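Now for the letters of each chain:
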Amino acid sequence: FEDIHTYRLVSGEGSVDNQLFEIDGNLLLVGAEIDYANRTSFSIRILSEDPYGLSVEQVFILTIE
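For clarity, every value in this text was computed on a predicted model and none was experimentally measured.

Peer 1: When you look at the sheet that holds strand β1 (residues 6–9) in this model, what are you seeing that I'm missing?
Peer 2: What the 3 strands build is an open sheet, ordered β1-β4-β5; its pairing is antiparallel. The open sheet terminates on both sides in strands that have one partner only, identified here as β1 and β5 (55–63). Sheet twist, expressed as the average angle between the axes of neighbouring strands with direction ignored, equals 30°. The pairing of strand β4 (residues 41–49) with β5 spans 9 bridges and is antiparallel.

So, in structure tokens, the structure goes:
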């Protein structure tokens, strides 16, 4: 197996803003219109999995400046 990872947004603690984003391959994209003037911080939860079935979930806080 190559050292390739797949990524996806998953529910759980810290996933409150997942619906605003999407993952395409290894890119995180904004999937909805965001009002940056009133909100600059977003919380998403991503799962990464390798070809061997090992995985890790991580919460990310995205800040728009």
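Peer 1: Please explain the environment of Arg45 as it appears in this structure.
Peer 2: Residue position: Arg45 is located in strand β4. Arg45 sits in the buried class, given a relative accessible area of 17%. Remark: the alpha-carbon pair of Arg45 and Ser11, spanning 34 residues in sequence, is separated by 6.8 Å. At 2.6 Å, the side chain of Arg45 forms a polar contact with the side chain of Glu57.

Peer 1: Please clarify how the nonpolar core should be interpreted in this entry.
Peer 2: General note: in soluble globular proteins, nonpolar side chains tend to be found buried as a group. Listed in full, the 6 residues of the largest apolar core are Leu20, Phe21, Ile34, Phe42, Ile44 and Ile46. It is β4 that provides the largest number of residues to this core, a total of 3 residues. Discounting chain neighbours no more than four positions away, the residues touching Ile46 are Tyr7, Arg8, Leu9, Val10, Ile23, Val56, Glu57, Gln58 and Phe60.

Peer 1: Can you help me understand the pattern of salt bridges in this one?
Peer 2: Two side chains carrying opposite charge are able to pair once their charged atoms lie near each other. What the rule picks out here adds up to 3 salt bridges. Close ionic contact of Glu49 with Arg8 constitutes a salt bridge, the shortest N to O distance being 4.0 Å. Of this pair, Glu49 sits in strand β4 while Arg8 sits in strand β1, placing them 41 residues apart in sequence. Residue classification places Arg8 among the partly exposed residues on the basis of a relative accessible area of 45%. Put simply, Arg45 and Glu57 hold a salt bridge, and the shortest N to O gap is 2.6 Å. Of this pair, Arg45 sits in strand β4 while Glu57 sits in strand β5; the two residues are 12 residues apart in sequence, bridging distant segments of the chain.

Calculation criteria
- Residues numbered from 1 in each chain as written.
- Predicted model: local features only at pLDDT ≥ 70, side-chain atom pairs only at ≥ 80, totals over all residues.
- Heavy atoms only, no water.
- Pairing = 2+ DSSP bridges.
- Helix = DSSP H or I, 4+ residues; strand = E, 2+ residues; numbered from the N terminus.
- Axes fitted to C-alpha atoms, helices over the stretch in contact; angles between N-to-C directions.
- Buried < 20%, exposed > 50% of the residue type's maximum accessible area, 1.4 Å probe, protein only.
- Polar contact = N/O pair within 3.5 Å; in protein donor to acceptor, adjacent residues only side chain to side chain.
- Core = buried A, V, L, I, M, F, W, Y, C linked by side-chain atoms within 4.5 Å.
- Contact = heavy atoms within 4.5 Å.
- Salt bridge = Lys/Arg side-chain N within 4 Å of Asp/Glu carboxyl O.

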